[in-house]
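# Working through the structure, step by step
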Amino acid sequence: MAIVVAVATAFVCSAQVDTQLSQYWALPSYYNPAAIGRTDYLHIMGGTRLQWVGIPNAPTAFLASADMPVKIGKKRIGVGVVFQQESIGLFSNLNAGAQVAYKQKLLGGVLSIGLQVGIFDQNFKGSKVYIPDDDEFHQDTDDAIPRNDLHGTAFDMNVGVYYTHKWFWAGVSATHVMEPTVSLNTDEGSDEAMYETQAGRMFYFMGGSNIPIKNTLFEIQPSFMVRSDFKSVQPEVTARVRYNKFLSGGVAYRYKDAVSVQLGAEFKNFFVGYNYDYPTSAISKASSGSHEVFVGYNVKLNLGDKNKNKHKSIRIM
């Protein structure tokens, strides 16, 4: 509890507020707004992540997105929306944004430049703060620990570049570019904010490929993602195998954090994926692991001419 309340102090604190997804390849547009409108489908995705099961007030997140390609004259762009709600201890964060991506054919593939604008909304349940009488580090009268419910909203922006080719895909992006500062106020409408938090800027580099195994119905789907705030770096790698464009499974490793098992199935235009993380850090003494589920649906769009640069999307298992 002390860790949770310490974030809401009278000075600006920076925090990483992006949900940590092991199935990042299934929803790349969450991290990179340029990864929208990649195929001739309206793509709808929703999912949830239960982090560190067994630890009270551990992070839980819900995510939803929708994106599609749009033709304006002879140009093709991508449009989309994304929503994320996450609860961490006494904090509740909400991110919602509209996305647009400009696309240009390049070197046999498609280069996409994307922008996301929206809000970063935060709540803090100060009314649920509990400080034991024998706490040697915190006092019940400490003004740095809010005892009222607080709320604030700030403008937020993400940017990214994404390249797709029939053999691979890759992208770089930055979330919370302006590092929005949220002024937390009580519902009574106080004009002066005693508490502030800041969404820290985060950079992502991800990529992957589909590699068909000759004369079989199998495909190998390797992928990776590296995240960094230039103070720390966390890489992760994933190796998946897909059979007959229907069933898939694989394993993943996040550096000094977790190993994962991933399973998935695709039937017609429906998709479902499951991931289990087992922690490799000391947190394994308190948690049995993390669970992640995604469900998706694709609706075919008629854009007039055939997409000559379409690729086998890792996002659709």
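Just above sits the structure.
Presented here is an overview of the structure given in this document. (Residues numbered from 1 in each chain as written. Predicted model: local features only at pLDDT ≥ 70, side-chain atom pairs only at ≥ 80, totals over all residues. Heavy atoms only, no water.)

### A few points about empty space enclosed by the protein
Space left empty within the atom packing is revealed by a probe, the size of a water molecule, rolled over the atoms. To keep things clear, this is the line we draw: Here a cavity is any set of points on a 1 Å grid over the protein atoms alone where a 1.4 Å probe fits but cannot get out, and a pocket is any open set with protein on both sides within 12 Å along at least 5 of 7 lines; a residue lines the site when it has an atom within 4 Å of a point. Grid points are joined across faces, edges and corners, and a volume is the space filled by probe spheres set on the points. The way it works is that DSSP assigns letters per residue, a run of H or I at least four long becomes a helix, a run of E at least two long becomes a strand, and they are numbered from the N terminus. Lys, Arg, Asp and Glu make up the charged group, whereas Ala, Val, Leu, Ile, Met, Phe, Trp, Tyr, Cys and Pro make up the nonpolar group; the residues left over, Gly among them, are polar.
Throughout the structure, instances matching the rule amount to three cavities of 30 Å³ or more. Taken as a whole, the largest cavity encloses approximately 140 Å³ of empty space. Around the largest cavity sit 16 residues that line it, and Asn95, Gln116, Asp156, Asn158 and His176 are the ones nearest its centre. Elements that contribute at least two residues to the lining of the largest cavity include exactly strand S4 (75-88), strand S5 (91-106), strand S6 (109-125) and strand S7 (149-164). For the lining of the largest cavity, the element with the highest residue contribution is S6, accounting for four residues. Partitioning the lining of the largest cavity into residue classes produces six nonpolar, eight polar and two charged. Around the second largest cavity, the lining residues are Gln20, Arg49, Gln51, Trp52, Arg254, Asp257, Ala258, Asp277, Tyr278, Pro279, Gly289 and Ser290.

### Considerations on the environment of His291
To keep things clear, this is the line we draw: We call two residues in contact when some of their heavy atoms are within 4.5 Å. Distance and chemistry together define a polar contact, namely a pair of N or O atoms within 3.5 Å, with one atom able to donate a hydrogen and the other to accept it when in protein, and with adjacent residues in sequence counting only for side-chain atoms on both sides.
With respect to the secondary-structure elements, His291 resides in strand S18 (residues 289-300). Residues contacting His291, with those up to four places away along its chain left out, are Thr48, Arg49, Leu50, Val53, Tyr274, Asn275 and Tyr276. Of the polar contacts made by the side chain of His291, one reaches the side chain of Tyr274; its length is 2.7 Å.

### Looking at the side chain of Arg254
Inspection of the secondary structure puts Arg254 in strand S15 (residues 247-254). Within the local environment of Arg254, its side chain forms a polar contact with the side chain of Glu236, the two groups lying 3.4 Å apart. At 3.4 Å, the side chain of Arg254 and the side chain of Asp277 are in polar contact. Each residue touching Arg254, except ones within four places of it in the same chain, is listed here: Gln20, Leu21, Ser22, Arg49, Gln234, Pro235, Glu236 and Asp277.

### Remarks on the pairing of S4
We count it as follows: Two strands form a pair only when DSSP identifies at least two bridges running between them.
In the sheet, strand S3 (residues 60-72) pairs with S4 via 13 bridges, with the strands oriented antiparallel. Note on S4: the bridge partner recorded for Leu63 is Gln84. Direction of pairing for S4 relative to S5: antiparallel, over a ladder of twelve bridges. By the bridge assignment, Gln84 is partnered in S5 with Asn95. What sits between the antiparallel neighbours S4 and S5 is a turn of two residues, in which Gly89 has the positive phi angle 60°.

### Overview of the pattern of salt bridges
Cut-off, in case you're wondering: The term salt bridge refers to a pairing of a side-chain nitrogen on Lys or Arg with a carboxyl oxygen on Asp or Glu at a separation within 4 Å. Any residue under 20% of the maximum accessible area for its type is buried, any over 50% is exposed, and the rest in between are partly exposed; the area is computed with a 1.4 Å probe on protein chains only.
Here the structure, examined in full by the defined rule, presents twelve salt bridges. One salt bridge connects Glu219 with Lys245, and the closest N-O pair in it is separated by 4.0 Å. With Glu219 in strand S13 (residues 218-228) and Lys245 in the loop between strand S14 (233-243) and S15, this residue pair connects regions lying 26 residues apart in the sequence. Lys245 sits in the partly exposed class, given a relative accessible area of 45%. Here Asp257 ties to Arg254 by a salt bridge, and the two come within 2.8 Å at their closest N and O atoms. The residues Asp257 and Arg254 share a single accessibility class, namely buried. In this structure, a network of salt bridges that share partners links the residues Arg49, Arg227, Glu236, Arg254, Asp257, Asp277 and Glu292.

### Some details on the nonpolar core
As a rule of thumb, soluble globular proteins bury nonpolar side chains together. Convention followed: Among buried residues, the Ala, Val, Leu, Ile, Met, Phe, Trp, Tyr and Cys ones that are joined through side-chain atoms within 4.5 Å form a nonpolar core.
Core analysis: the largest hydrophobic core is formed by 21 residues, its most contacted members being Leu21, Leu27, Tyr30 and Tyr31. Broken down by secondary-structure element, the contributors of at least two residues to this core are S3 and strand S11 (202-209). In terms of residues, this core owes the most to one element, S11, which gives three residues. Not counting residues within four places of it along the chain, the set of residues in contact with Leu27 comprises Leu21, Met45, Leu63, Ser65 and Phe294. The next biggest cluster of nonpolar side chains, apart from the first, holds 14 residues, and it includes Val17, Val129, Leu150 and Ala154.

### Regarding the environment of Val172
As for its position among the elements, Val172 is in strand S8 (residues 168-175). Distance from Val172 to Tyr204, taken between C-alpha atoms, is 5.6 Å for residues 32 residues apart in sequence. Setting aside its immediate chain neighbours within four residues, Val172 contacts Asn32, Gly160, Val161, Tyr204 and Phe205.

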